[in-house]
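These are the residues of each chain, in order.
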Amino acid sequence: IANRTKRTITERMDLDPAFYKRFSKMIEETIEAWKEGRISDLQYLEAVEGAMNIVRSREDDATPSELRHTKHAAAYFGLIRETANNYYTEAELARLMSIASEMSLHIEKIIEKNKIRDWVRNADVHNKMKSEIEDYLFDEVQAKHNIQIETAMLDEILDNIIELARRRDALQ
């Protein structure tokens, strides 16, 4: 079960890196704990089966319910959360996460609106998407919600979201 789940995670890592990294790490830690005798065979089996079921269903507690059935917004949410963890204090992160699902949905709309034939290889389209997402983040998130966005974080989010959208489009 653990090996099949790890293989599935490896195969799908490009579709939602934040989601699959979390479960890859959890499975590795569970295997390590079992090998060291810190958990019983039954606890190991329950943990691995639980991870397998979450990976199969793509529904975990860290993803807001309004994003679970969206085309790409849940992956964008995970990427935003993962990136923001490196830049914000706990209090600032909590404020950002309160609107992160809304941000993810809006970013998905921007990207979908700008997709054209062969957009994955079109730098002009990527730049237009980045520009519109940046405008949204400054106009909505920074101005209306008074959440400061560092330039380094903004660049990282823009680059990673466009790259994630490209990979998801190429793989689907």
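Let me begin by describing the structure that accompanies this report. Just so we're clear, the structure is a prediction, and the values are computed from it rather than from any experiment. (Residues numbered from 1 in each chain as written. Predicted model: local features only at pLDDT ≥ 70, side-chain atom pairs only at ≥ 80, totals over all residues. Heavy atoms only, no water.)

### Re helix 5 (residues 90-114)
This is how the line gets drawn: Helix and strand assignments come from DSSP, with helices taken as H or I runs of at least 4 residues and strands as E runs of at least 2, each series counted from the N terminus. An expected span of 1.5 Å times one less than the residue number is assigned to each helix. What the bend at a residue measures is the angle between two axes, fitted to the seven residues ending there and to the seven starting there. Per-residue accessibility, obtained with a 1.4 Å probe over protein chains only, is compared with the maximum for each type, and a residue is labelled buried under 20%, exposed over 50%, and partly exposed between these values. Contacts were defined at the residue level, with two residues in contact if any of their heavy atoms lie within 4.5 Å.
Taking 1.5 Å per residue as the helical rise, helix 5 with its 25 residues ought to reach 36 Å, and the 34 Å between its terminal C-alpha atoms agrees with that figure. Roughly 45 degrees is the biggest bend found in helix 5, and it falls at Ile-99. Restricting attention to buried positions, one finds in helix 5 the residues Leu-93, Leu-96, Ile-99, Ala-100, Ser-101, Met-103, Ser-104, Ile-107, Glu-108, Ile-110, Ile-111 and Asn-114. If you follow the buried residues of helix 5, they end up packed against helix 4 (73-84), helix 6 (123-145) and helix 7 (151-171).

### Considerations on the packing of aromatic side chains
Given two aromatic rings, their pairing is described by the distance between the two centres and the angle made by the two planes. Rule in force here: The criterion for an aromatic pair is that two Phe, Tyr or Trp rings (for Trp, the six-membered ring) have centres within 6.5 Å, with stacked assigned to planes under 30 degrees apart, edge-to-face to planes over 60 apart and tilted to the rest.
Here the structure, examined in full by the defined rule, presents three aromatic pairs. Taking 4.9 Å as the distance between ring centres and 90 degrees as the angle between the ring planes, the aromatic pair formed by Phe-19 and Tyr-20 counts as edge-to-face. On the basis of relative accessibility, which here comes to 1%, the residue Tyr-20 falls in the buried class. Geometrically, the ring pair formed by Trp-34 and Tyr-44 is stacked, given 4.7 Å between the ring centres and 20 degrees between the ring planes. With a gap of ten residues between them, Trp-34 in helix 2 (residues 17-35) and Tyr-44 in helix 3 (residues 41-57) connect regions that are remote in the sequence. For Tyr-44, a relative accessible area of 18% puts it in the buried group. Members of the aromatic cluster, connected to one another through ring pairs, are Phe-19, Tyr-20 and Phe-23.

Functional significance is not addressed by these values, which are geometric in nature.
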